[in-house]
Amino acid sequence: MNFDTSPSANDNFVKTPQFSTKKHGAKFGNHKEMREPSFLKNLSLAWLFLFNKPKNTVPEGSIPVFELSRQQLLTAPDTTLFRLGHSTVLMKLQGEFFLTDPVFSERASPFQWMGPKRFHQPPISIAELPPIKAVILSHDHYDHLDQAAVLALADKTEHFLTTTGVGDRLIAWGIAANKVQQLDWWQETSVHGIQFIATPAQHFSGRKLSDRDKTLWASWSILTPELKIFFSGDSGYFKGFKEIGERLGPFDLTLMETGAYNKLWPDVHMQPEETLQAHLDLQGKYLLPIHNGTFDLSLHAWYEPFERIVELAQRHGVKISTPQMGEAVDIAEPQAGKHWWRLSNTVRHPVSLDAAIAE
């Protein structure tokens with residue numbers, strides 16, 4: 001189902017129950033009020049981010065990456081997944097390729113001269129990618145919606161599946177309107193025999209100070225005839241995970257946000273303990289942590305999310321997969337993966353889970 005809307009035409013968004021014109025102005029919202037830092041706390045955070053960040057938020061050495069070629073992708077077995085970085089995942093399903101939140105630019109920022117810079121290059125360039133059946137977009141933040149990547153993908157992508165309002169951004173950038181499908185929470189579409197459902201998430205949106213929450217955010221549930229895959233996008237922990245699990249689960253693989261968390265923004269990103277609980281709520285079989293290892297977006301050590309989620313999974317008997325960027329993964333039976341973040345001089349003192357929780 002498509003909505004004839006744009007981020008500036010708020011009156012049209014009344015078609016979705018996630019949009020309100022009454023509370024805090026005309027914008028999308030979550031099912032509960034979000035806790036946010038005060039103005040003074042935001043100022044102190046800005047000072048930390050700009051002038052006093054811990055050194056270990058960025059790797060000291062190079063991150064190991066498997067370089068990929070188009071031929072490798074074309075000859076890969078069906079139901080193979082390749083993590084390309086941050087929340088960008090390429091999946092081969094039913095003989096076609098599907099790409100989540102493609103970010104290929106050097107920085108996750110409106111400017112390519114400042115802002116979070118990549119720790120590693122993508123395992124494959126957009127030019128080298130094979131034709132893409134569909135790009136799946138969770139929301140419009142710069143570390144998930146890369147305008148340059150979207151435009152470079154336009155000619156080789158058949159469908160762009162977006163949340164309400166985000167598709168209008170794409171159309172305004174020049175993507176053909178007949179390629180774009182915009183979905184509200186719990187709406188669904190089918191592409192090449194695969195069901196895509198825009199499921200709830202707890203987050204926010206916006207690409208500048210004046211457009212906060214003018215477009216919707218979502219997770220995605222991807223159901224093939226053989227497998228069920230959950231892609232979290234960005235989300236704080238909320239009861240919606242349990243509802244998704246009850247309605248659509250169990251999931252064979254959950255691609256779960258595990259990174260860029262902080263106790264100062266508890267409702268929009270998950271601590272690793274919450275990531276694990278969300279995976280259990282979804283009735284997931286295998287957990288693959290994403291939203292980490294590519295950009296410096298918080299104050300924790302860049303490798304801490306991997307250390308904490310792996311230790312938690314081991315404690316609770318959860319099957320977890322931590323592939324290197326570019327490494328092939330069998331979606332049905334993912335390999336555990338090596339502790340690749342320890343393979344170079346990038347990590348000298350692996351973090352203790354108990355110590356991290358106590359911080």
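Residues numbered from 1 in each chain as written. Predicted model: local features only at pLDDT ≥ 70, side-chain atom pairs only at ≥ 80, totals over all residues. Heavy atoms only, no water.

A. Structural view of the side chain of H300. When you line up the elements, H300 lands in the loop between β14 (284–290) and α7 (304–316). With a relative accessible area of 13%, H300 lands in the buried category. Within the local environment of H300, its side chain forms a polar contact with the backbone nitrogen of A260, the two atoms lying 3.0 Å apart. In contact with H300, not counting residues within four places along its chain, are T57, G259, A260, Y261 and P305. (Helix = DSSP H or I, 4+ residues; strand = E, 2+ residues; numbered from the N terminus. Buried < 20%, exposed > 50% of the residue type's maximum accessible area, 1.4 Å probe, protein only. Polar contact = N/O pair within 3.5 Å; in protein donor to acceptor, adjacent residues only side chain to side chain. Contact = heavy atoms within 4.5 Å.)

B. Seen up close, unusual backbone geometry. Residue P250 is reached from G249 by a cis peptide bond, and omega for that bond is 0 degrees. Among the structural elements, P250 can be located in the loop between α5 (240–248) and β13 (251–257). Despite not being glycine, H192 has its phi angle at roughly 55 degrees, a positive value. As for its position among the elements, H192 is in the loop between β9 (188–191) and β10 (194–199). Judged by relative accessible area, H192 falls into the partly exposed class, the value being 36%.

C. Examining the packing of aromatic side chains more closely. Enumeration over the complete set of coordinates arrives at 13 aromatic pairs. The interplanar angle of 75 degrees and the centroid separation of 6.2 Å between the aromatic rings of F230 and F241 together place this pair among those described as edge-to-face. Of the two residues, F230 sits in strand β12 (residues 228–231) while F241 sits in helix α5, which places them 11 residues apart along the sequence. For F230, a relative accessible area of 0% gives the class buried. The class for F241 is buried, based on a relative accessible area of 1%. Ring geometry for Y237 against F241: centres 6.0 Å apart, planes inclined by 25 degrees, an arrangement best described as stacked. Judged by relative accessible area, Y237 falls into the partly exposed class, the value being 28%. The ring of Y142 has R207 sitting right over it, with the charged end atom 3.9 Å from the ring centre. (Phe/Tyr/Trp six-rings, centres within 6.5 Å; stacked < 30°, edge-to-face > 60°. Lys NZ or Arg CZ within 6 Å of the ring centre and 35° of its normal.)

D. A look at the pairing of strand β3 (residues 80–85). Of all 6 residues in β3, 6 are buried; the element is thus mostly enclosed. The pairing of β3 with strand β4 (residues 88–93) spans 5 bridges and is antiparallel. Opposite L81, over in β4, you have M91 as the bridge partner. The hairpin turn running from β3 into β4, its antiparallel successor, is 2 residues long, and H86 in that turn takes a positive phi close to 50 degrees. Direction of pairing for β3 relative to strand β16 (residues 328–330): antiparallel, over a ladder of 3 bridges. (Pairing = 2+ DSSP bridges.)

E. Representation of the pairing of strand β5 (residues 96–100). Counting buried positions along β5 yields 4 of 5 residues, so the element is predominantly enclosed. Counting the residues between successive antiparallel strands, the hairpin from β4 to β5 contains 2 residues, one of them, Q94, with a positive phi of roughly 55 degrees. Where β5 lies against strand β6 (residues 132–136), 3 bridges are found, and the strand directions are parallel. Bridge assignment links F98 to a residue of β6, and that residue is A134.

F. Region of interest: the nonpolar core. By size, the foremost hydrophobic cluster in this structure holds 31 residues, and its most contacted members are L81, F196 and L255. Residues contacting L255, with those up to four places away along its chain left out, are L81, V89, I229, F230, F231, S232, L288 and I290. With 29 residues, the next largest nonpolar core counts F119, L223, W302 and I320 among its residues. (Core = buried A, V, L, I, M, F, W, Y, C linked by side-chain atoms within 4.5 Å.)

G. Just the sheet that holds β3, in detail. If you trace the 7 strands from one edge of the open sheet to the other, you get β8-β7-β6-β5-β4-β3-β16, paired in mixed fashion. Two strands in the sheet have a free side with no partner beyond their single neighbour: β8 (180–183) and β16. The sheet shows a mean angle of 20 degrees between the axes of neighbouring strands, taken without regard to direction. Most of the contacts of helix α4 (residues 166–173) go to strand β7 (residues 157–163), to which it runs at about 135 degrees, and overall it touches β7 and β8. (Axes fitted to C-alpha atoms, helices over the stretch in contact; angles between N-to-C directions.)

H. Region of the structure containing the pattern of salt bridges. Under the counting rule described, the total for this entry stands at 12 salt bridges. Here D211 ties to R169 by a salt bridge, and the two come within 2.8 Å at their closest N and O atoms. Taken as a pair, D211 in the loop between β10 and β11 (219–223) and R169 in helix α4 lie far apart in primary sequence, 42 residues in all. A residue is classified by how much of its surface remains accessible, and D211, at 7% relative accessible area, is buried. On the accessibility criterion, R169 (13% relative accessible area) is buried. Among the ionic pairs, E311 bridges to R315, the shortest N-O distance being 3.2 Å. Taken together, the residues span about one helical turn, with E311 and R315 both in helix α7 at a distance of 4 residues. Judged by its relative accessible area of 48%, R315 is partly exposed. (Salt bridge = Lys/Arg side-chain N within 4 Å of Asp/Glu carboxyl O.)

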